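# Coordinate inspection notes
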Amino acid sequence: MGNLFGRKKQSRVTEQDKAILQLKQQRDKLRQYQKRVAQQLERERALARQLLRDGRKERAKLLLRKKRYQEQLLDRTENQISSLEAMVQSIEFTQIEMKVMEGLQLGNDCLNKMHQVMSIEEVERILDETQEAVEYQRQIDELLAGSFTQEDEDAILEELSAITQEQIELPEVPSEPLPEKIPEKVPVKSRPRQADLVAAS
């Protein structure tokens, strides 16, 4: 009923994820089979010993043949498990490679879009406009610097000289020796006591 009004949820599980899950389930089933066969082999080995003790050599020999066949099955099962694990690893690594390729494709697309926005012609146009603006400002500076008359230049130099003289003029040093003066004792004011300060506040 919920699907009647809502959109169907799109599953994030891919076909590769399903394949990996099936391969891992098959691997787990083979491992369970291995455990069962290994336990059965132990029981049959114990049974073969018992048969030998009881003097039933032919029956023990037949049981050991069966055990040997099951050991070969175990070896084949181990090979199948290794093949399944290799397949799982291959699929997982291929998924990683696909994500890397998708990332590279997105990056390439982004770079292409940026190159479309900033074409070489556009960059050259901006650089030319910048150079023109710099040249225009230089011309304005030259006009402003060249607009002063000789009279203005003389006034500027005169003001500069006056400022320089102000900084250099120092008071004259007396030529007569200075009289010696003994410093008088200045009475030190007594500092107010702590009690007076507390009372004042």
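Residues numbered from 1 in each chain as written. Predicted model: local features only at pLDDT ≥ 70, side-chain atom pairs only at ≥ 80, totals over all residues. Heavy atoms only, no water.

This part takes up the overall build of the protein chain. When helices and strands are counted, the protein chain shows six helices and zero strands. The N-to-C order of helical and strand elements in the protein chain reads α-α-α-α-α-α. Burial statistics for the protein chain: of 201 residues in total, 11% are counted as buried. Of the contacts formed within the protein chain by residues at least 6 apart in sequence, a portion of 78% connects residues at least 24 apart. (Helix = DSSP H or I, 4+ residues; strand = E, 2+ residues; numbered from the N terminus. Buried < 20%, exposed > 50% of the residue type's maximum accessible area, 1.4 Å probe, protein only. Contact = heavy atoms within 4.5 Å.)

The next subject is a negative patch on the surface. Together, E151, D152, E153, D154 and E158 line one region of the surface with negative charge. Looking at the secondary structure, you find E153 in helix 5 (residues 150-168). Since its relative accessible area comes to 32%, E153 is described here as partly exposed. (Patch = residues over 30% accessible without salt bridge, like charges linked within 9 Å, V, L, I, M, F, W, Y side chains within 5 Å. Areas by Shrake-Rupley, 256 points an atom, 1.4 Å probe, with all protein chains shown as cover. Salt bridge = Lys/Arg side-chain N within 4 Å of Asp/Glu carboxyl O. Lys, Arg positive; Asp, Glu negative; His and termini not counted. Charge placed at Lys NZ, Arg CZ, Asp CG, Glu CD.)

Our next topic: the pattern of salt bridges. Here the structure, examined in full by the defined rule, presents 10 salt bridges. Residues E85 and R31 are paired through a salt bridge, measuring 2.4 Å at the closest nitrogen-oxygen approach. Highlighted residues: E85 in helix 3 (residues 57-117) and R31 in helix 2 (residues 15-53), separated in sequence by 54 residues. The class for E85 is partly exposed, based on a relative accessible area of 27%. The closest approach of N and O atoms between R68 and E71, which form a salt bridge, is 3.5 Å. A residue pair is termed a helical-turn pair when its members lie 3 or 4 positions apart in one helix, as R68 and E71 do in helix 3 at three residues. Residue classification places E71 among the partly exposed residues on the basis of a relative accessible area of 25%.

Moving on: the side chain of Q95. As for its placement among the helices and strands, Q95 is situated in helix 3. A distance of 3.1 Å separates polar atoms of two side chains, one belonging to Q95 and the other to D17. If near-sequence neighbours (up to four positions away) are discounted, Q95 is found in contact with T14, Q16, D17 and I20. (Polar contact = N/O pair within 3.5 Å; in protein donor to acceptor, adjacent residues only side chain to side chain.)

A general tendency of soluble globular proteins is for nonpolar side chains to be buried together. In terms of nonpolar packing, the biggest core is built from seven residues, these being I20, L23, L30, I81, L84, V88 and I91. Elements represented by at least two residues in this core include exactly helix 2 and helix 3. Of the residues forming this core, the biggest block, four residues, is contributed by helix 3. When residues no more than four places from it in sequence are discounted, the contact partners of L84 are L23, Q26, R27 and L30. (Core = buried A, V, L, I, M, F, W, Y, C linked by side-chain atoms within 4.5 Å.)

In a regular helix each residue adds 1.5 Å, so 61 residues correspond to 90 Å; helix 3 covers 90 Å between its end C-alpha atoms and thus fits that length. Within helix 3 the residues assigned to the buried category are A60, L63, K67, Q70, L73, L74, T77, I81, L84, V88, I91 and Q95. Looking at the buried positions of helix 3, the neighbouring elements they touch are helix 2. (Expected span 1.5 Å × (residues − 1).)

This part is about the side chain of R27. Inspection of the secondary structure puts R27 in helix 2. Contact partners of R27, with chain neighbours within four places excluded, come to I81, L84 and E85.

Turning next to the packing of helix 2 against helix 3. Where helix 2 contacts helix 3, the two axes come as close as 8 Å, and the packing angle between them is 160°. One way to sum up the angle between helix 2 and helix 3 is to call them roughly antiparallel. Two packed elements cross with a definite hand, and for helix 2 against helix 3 that hand is left-handed. Within the contact of helix 2 with helix 3, the residues separate by chemical class into 23 nonpolar, eight polar and 14 charged. (Axes fitted to C-alpha atoms, helices over the stretch in contact; angles between N-to-C directions. Parallel < 35°, antiparallel > 145°, perpendicular 65-115°, else oblique. Left-handed = near helix turned anticlockwise from the far one by under 90°. Nonpolar A, V, L, I, M, F, W, Y, C, P; charged D, E, K, R; others polar.)

Turning next to helix 2. Between its first and last C-alpha atoms helix 2 spans 57 Å; for 39 residues at 1.5 Å apiece the expected length is 57 Å, and the two agree. Those residues of helix 2 that are buried are in contact with helix 3. Looking one or two residues past helix 2, G55 carries a phi angle of roughly 85°, positive in sign.

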